[in-house]
Amino acid sequence: MRKKPVWGFSPNWVLARKLKSERNDLLSESDQSVGAERIYDAETGDLANFKARLATITYLLDRYGVLLLVVGMATVSFFLEPEVFLTWRNVSNIFRQISFNAILALGVFLVILTAGIDLSVGSILALAMMTAAVLARDGYPWPLIILAPIITGGLVGAVNGLGLTWLRLPHPFIMTLGTLNIARGLTNLISGGVPISGLPEPVRWLGAGNLRLANLDFPVSFAVVLICYILVSLFLTYTRTGRHIYAIGGNPQAARVSGINVDRTLVFVYTVCGMFAGLSGLLLAGRTNSGFPNAGVGQELDAISAVIIGGASFFGGRGTVLGVFAGALVIGLMRNILNLRNVPVFWQQVLIGVVIIVVVALDVLRRRGSSTLR
Amino acid sequence: MADRNGASMPEAQMQIEGIGLSFGGVRALSGITFNIYPSTIQAIIGPNGAGKTSMLNCISGLYKPQQGQIRFEGQNLIGRAPHEIARLGIARSFQNIELFRHMTVVDNLMLGRHVHMRGGVLTGGLYWGPGQREEIAHREAVEQVIDLLEIQSIRKKTVGSLSYGLQKRVELGRALAMHPRLLLLDEPMAGMNSEEKEDMARFILDISEEQRTTIVLIEHDMGVVMDISDNVAVLEFGQLIAYGTPAEVKANPAVIAAYLGQEHS
């Protein structure tokens, strides 16, 4: 029983005040799903209380379990490397490192919410990055260089969405597998297959610059991440289209007959996912001050990993922005501590694979546990 | 043909004319023609595979028939997408429950209200403005449906955790929350015990009487069909073999041979 973000525009207590009838008590603050259960089972006594308490724990774990994982990893990391880990330099480094994967993951999260998949984001990232580098080489003004990667990403994303809905391809896996190759090929075509370096100052500031906050250097790219996450979170909770995205992933058939334009929403979601991939490419271009044709190879899998570790259902309709953020942090923290401990990069890959399997296995176990409680 | 109150028939709300549907050479429906009248309960019966669900799918836009016309309140439905048809005021439930399983009951019903929400991204963002007023109005409509279907105690439960019978009821609620003018119900009582069936029959009659919603009902329980419906259409092998009031249909020799007879043999 994963709790969704509160419905619509108003928290429950606002509605409770405005709805006049005797329903007031049913809508009061205690009527969160967990609380309601407690009221409902009250007559059956101790056992019910115990169950309700267990349900509360399950609910909290469900909602914040992945944050627990983040805190746990941070604690372990701190004890392993007390000198280095909690220095601001290291922390801001982690933030900077996870930025571009976090943005990719955010777009992929929206797609996975609709029970889809986008394999092309790694290639879109490279294409967007190369677009920026080529435009910079040819001397175009910097505002265009900032916009062009995002637009490029959005265009490829729109092609994904239109291919999926117009051509009626059986699964987004196929369409995005196609564009994975197309975008990578285009990247090599426009660059001649070689890296291009040199980007204007504002782009480098976005990717590698710092904001001065209370004597600490805060990475600009991470600020971009935070803004995007907050915007998407608000969008999913407070807008019609946001709710439709959850609905389509939950049950496309029911969504259709409820009057939701499923095709249009899907095109929108894939377009937004492409735009985030483009933004991610822009940040990476700024950070490396270049565009290179092999950027982001396999990166789509890291983005998907972050979404899955963050607790989103691969079958759509379930997941939170906060979870995805934590998922991206988990991967970043793990890479960081393994680097600090000088663990070879190949072992890092093995460990990330293990974490994906363990986290999802725990999720399955927990779900099974919570369903027997009911 | 007369409705339950014995009043004379007004003009048809939906005209189904010569509907023909085939899947790769297999004929599912042919030449189906009948009318559905406002505020009536229209049953569609027939043996398994007769094309009843296909007929509903043609109406709600999930299938596109190759021949014929369906007009709803003067508007042609053929070629319209399911969501457009939903917005015209036609809601439906499915034989196999189709709900948003990870959402609560309230959230499921609220999605039914989305057809009536004006707000796009902008009004949705105006937390304290008209967006909130609209939200409250829709929430009230949902609460009315919850009251009508007597599902107050489960309103905050996740749908996936509910029993089959309750899920069926929530699905009816999701369709009803749209305030449709035509409600298509595909075997709303399938797999229910007699008590649950009785409840469901009562809800259907309540909806019909209180909201004057036209209801098209596929049901196998002949007792229920004969009790609550105003008109009955009988399908067999994709063809309409009889149409009329329950009494007329019950007396029709073709129907007895095709369907009713089998049940008693």
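Since we're looking at a predicted model, the values are computed, not measured.

### Focus on the overall build of chain B
Then comes step 1: Across its full length, chain B carries ten helices and ten strands.
Then comes step 2: For chain B, restricting intrachain contacts to residue pairs at least 6 apart in sequence, the fraction spanning at least 24 positions comes to 67%.
Then comes step 3: As displayed, chain B offers around 10,400 Å² of accessible surface, 49% of which is attributable to carbon and sulfur atoms.

### With respect to the nonpolar core
Then comes step 1: Judged by nonpolar contacts, the single largest core of 98 residues is most densely connected at Phe-109, Tyr-229, Leu-236 and Phe-276 of chain A.
Then comes step 2: When residues in this core are grouped by element, the largest group, 16 residues, is from helix H5 (residues 88–113) of chain A.
Then comes step 3: Filtering out sequence-adjacent residues up to four positions away, Phe-109 of chain A remains in contact with Leu-236, Tyr-246, Val-307, Ala-312, Gly-319, Thr-320, Val-321 and Val-324 of chain A.
Then comes step 4: Within the second largest apolar cluster, 38 residues are counted, among which are Val-170, Met-178, Ile-207 and Val-224 of chain B.

### Overview of the environment of Met-130 of chain A
Residues and elements named next belong to chain A.
Then comes step 1: In this structure, Met-130 sits in helix H6 (residues 121–137).
Then comes step 2: The exposure class assigned to Met-130 is buried, which follows from its relative accessible area of 0%.
Then comes step 3: For Met-130 and Thr-187, which are 57 residues apart along the polypeptide, the C-alpha to C-alpha distance reads 6.3 Å.
Then comes step 4: Beyond its immediate sequence surroundings of up to four residues, Met-130 is in contact with Thr-187, Ile-190, Ser-191, Val-194, Ile-196, Gly-291, Phe-292 and Pro-293.

### Section: the UniProt feature "transmembrane region" (unreviewed entry) in chain A
Residue and element names in this part refer to chain A.
Then comes step 1: In the numbering used here, UniProt assigns the feature "transmembrane region" (unreviewed entry) to residues 60–80, 100–128, 140–167, 218–238, 266–286, 306–333 and 345–365.
Then comes step 2: Between the C-alpha atoms that bound residues 100–128 there is a distance of 13 Å. The span itself is 76% helix and 0% strand.
Then comes step 3: Annotation note: span residues 345–365, helix share 100%, strand share 0%, distance between end C-alpha atoms 30 Å.

What counts as what
- Residues numbered from 1 in each chain as written.
- Chains lettered and ligands numbered in written order.
- Predicted model: local features only at pLDDT ≥ 70, side-chain atom pairs only at ≥ 80, totals over all residues.
- Heavy atoms only, no water.
- Helix = DSSP H or I, 4+ residues; strand = E, 2+ residues; numbered from the N terminus.
- Contact = heavy atoms within 4.5 Å.
- Areas by Shrake-Rupley, 256 points an atom, 1.4 Å probe, with all protein chains shown as cover.
- Core = buried A, V, L, I, M, F, W, Y, C linked by side-chain atoms within 4.5 Å.
- Buried < 20%, exposed > 50% of the residue type's maximum accessible area, 1.4 Å probe, protein only.
- UniProt positions renumbered as here; feature names shortened; annotations may be inferred.

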